[in-house]
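Coordinate inspection notes
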Amino acid sequence: ENFYTRRLYHRIQDCFNRPIASSPGAHIQVLERVSQDGNKTMQVLGPLSNLIQQGHSKEEYTNGPHFQLISPNHRVARTCLNLGSYNYLGFADDWQITCQQPVMASLTKFPVSTSSMRSEFGTTTLHRQVEELVSTFCGQDDALVLNMGFNTNATTIPALVSHGDLLISDALNHTSIVNGARASGASIRTFRHNDTTHLEEILKEAIVMGRPRTRRPWNKIMVVVEGIYSMEGEYCDLRNVVKVSKKYGAYIYLDEAHSIGAMGATGRGCTEYTGVNPADIDIMMGTFTKSFGGMGGYIAASKGIIEYLRNTCAASIYHNSLSPVVCQQIISSFKVIMGQDGTTIGKQKLQSLRDNSNYFRMKLQDMGLHVLGHYDSPIMPVMLYNPTKIAAFSRECLKRGLAVVVVGFPAVPILMSRARFCISAGHNRQDLDQALEEIDDIADILKLRYARSTFG
């Protein structure tokens, strides 16, 4: 890790952490950055006068087709097609139409922050309303809303399992799940990604052998999976996971951070898409940052589990509660998705997301690129493999007005580098065709057609 950081990451840091100066819609303004030490540190360029003071020519920016000056202070930016944000249902594009009025109105009645945790003075009527909507939408009895998606996993899992319990996790589960599992004190086993045969083998062995040394039975066994795996673009084989888990009496924890609102005919996530009864899922976790244009996370489960978590989960009893303004954003987006706003905008968004995702995936595959994941998933990882192609691909895309996410070690193995496209309902066919044309050109330059040839 130290070698990667010194020899690669610091040299290509311009490809990561790019600041933007607009809402994360289909088109964004990416602020230009400069470095005086070979990309080890980056600074926002600001106005063009800063460039001149450093002895550089401003023509290299102003002559570009995507050059833009952003107020205030006329900062230098680049107008790009956004293929990286989790704006699945496009609320960043039409927020003024779908959510602005109720969200702005909430500021007249509620503060921006409650300045308290949920268990003291941090619960408002909006928090309760969000929890009722979430539990109804997910098909569960009750729900708990927390102020950060990552912490929802990292603090809920330690509250659910501890010493004497066994947690069985998919090998490609998110870091937040890994952190929560390690913090819990429970024993951990991993099964091969989406391999329910291997999952069953681990469950059999766990029940027969019991705990190490003492061979006593486990207090409880919990299987943890995701609805859509964010680095693979694949959805979970949930039907078989439920079948195997129920057969051996294991609890199921489903992380729907990327699938809730984006999968299923009505956006109800992996359970709806795979035809699984939500009652068969013991704990359903999700976030509001992807499909709902907000922030925070939730746990949906039985009333007994939720009441227990309210009093034991660190995110509930110690952390500041979710902003009431964000709660109203979540409520407004839920109403659009569920059609309770009296329009068909939510239905159109879901259909547009599926159409755009499948069209983009099909065209990438037709190019001969190695595309991971399944159809209907809005996440499309394209394999770069060679770590040196991370910077080359990102810079070529930015030069052509495409804002993309590239992924390297330690998020993925060092020789499994990839670009990850996230498609939105806010994109139109012209946007996607423009992006595909540029990506096709870049694939020739960088030799990325690995689906056709080992050498790209």
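Refer to the structure presented above.
In short, a report on the structure. The structure displayed is predicted, hence computed values, not measured ones.

**Points about the packing of aromatic side chains**
Considering all chains together, one arrives at twelve aromatic pairs under this definition. Aromatic pair Phe288 and Phe292: ring centres 5.9 Å apart, planes at 80°, arrangement edge-to-face. On the basis of relative accessible area, Phe288 is assigned to the buried category, the value being 0%. Look at Phe292 and you get buried, because its relative accessible area is 0%. When the centroid spacing of 6.3 Å and the interplanar angle of 65° are considered together, the rings of Phe393 and Phe421 count as edge-to-face. In this pair, Phe393 sits in helix H16 (residues 388-399) while Phe421 sits in strand S18 (residues 417-422), placing the two residues 28 residues apart along the sequence. Phe421 carries the same exposure label as Phe393, and that label is buried. Put simply, the rings of Phe137, Phe288, Phe292, Tyr298 and Phe334 touch in pairs and so form one group of aromatic residues.

**Quick look at the sheet that holds strand S9 (residues 221-226)**
Taken in spatial order, the seven strands of this open sheet run S6-S14-S13-S12-S9-S7-S8, and their pairing is mixed. Whereas interior strands pair on both sides, the edge strands pair on one side only; in this sheet they are strand S6 (142-146) and strand S8 (187-191). Ignoring which end each strand starts from, the neighbouring axes of this sheet average 20° apart. Pairing analysis gives five bridges linking strand S7 (residues 166-170) to S8, with the strands arranged parallel. In the strand pairing of S8, Leu167 is matched with Ile188. Running over the sheet, helix H6 (residues 125-138) touches S6, strand S13 (283-287) and strand S14 (297-301) and is turned about 125° from S6. Relative to S6, helix H12 (residues 303-312) is tilted by about 30°, and along the sheet it contacts S6, S13 and S14.

**Details of the sheet that holds S18**
Sheet architecture is open: three strands sit in the order S15-S18-S17, paired in antiparallel fashion. Looking at which strands have only one partner, the edges of the open sheet turn out to be strand S15 (379-385) and strand S17 (405-407). Going across the sheet, the axis of each strand differs from the next one's by a mean of 25°, ignoring polarity. Alignment of S15 against S18, held across six bridges, turns out to be antiparallel. Each bridged residue has a counterpart across the sheet, and for Pro381 the counterpart in S18 is Arg420. Helix H15 (residues 345-366) contacts S15 and S18 of the sheet and is inclined by roughly 20° relative to S15. H16 rests against S15, S17 and S18 of the sheet, and its axis sits at about 180° to S17.

**A closer look at the pattern of salt bridges**
This structure, assessed with the given rule, holds 18 salt bridges. A salt bridge links Glu32 to Arg78; the nearest nitrogen and oxygen atoms lie 2.7 Å apart. Of the two residues, Glu32 sits in the loop between strand S1 (27-31) and strand S2 (33-34) while Arg78 sits in strand S5 (residues 75-82), which places them 46 residues apart along the sequence. On the basis of relative accessibility, which here comes to 10%, the residue Glu32 falls in the buried class. Residue Asp195 pairs with Arg192 through a salt bridge whose shortest N-O separation is 3.2 Å. Among the residues examined, Asp195 registers a relative accessible area of 22% and is labelled partly exposed. One connected set of salt bridges, linked through shared partners, spans Arg118, Arg128, Glu131, Asp142 and Arg310.

Analysis parameters
- Numbering of residues starts from 1 in each chain and follows the order in which that chain's sequence is written.
- pLDDT decides what is reported in this predicted model: residues at 70 or higher carry local features, side-chain atom pairs at 80 or more are listed and counted, and totals for whole chains, interfaces and linings draw on all residues regardless.
- With hydrogens and water stripped out, all remaining heavy atoms of the structure feed into the side-chain values.
- Under the pairing criterion, centres of Phe, Tyr and Trp rings, with the six-membered ring standing for Trp, must be within 6.5 Å; the plane angle then separates stacked pairs below 30 degrees from edge-to-face pairs above 60, leaving the rest tilted.
- Buried residues are those whose accessible area, probed at 1.4 Å on protein chains only, stays under 20% of the maximum for their type, while exposed residues exceed 50% and partly exposed ones sit between those limits.
- Secondary structure elements are taken from DSSP: a helix is a run of H or I of four residues or more, a strand is a run of E of two residues or more, and numbering for both begins at the N terminus.
- If DSSP finds at least two bridges between two strands, the strands pair.
- Angular values range over 0 to 180 degrees, each being the angle between N-to-C directions of two axes fitted as lines to C-alpha atoms, with helices fitted over their stretch in contact.
- Working rule for contacts: check all heavy atoms of both residues, and any pair within 4.5 Å makes them a contact.
- By definition, a salt bridge exists where a carboxyl oxygen of Asp or Glu is found within 4 Å of a side-chain nitrogen of Lys or Arg.

This is a description of form; function is not addressed.
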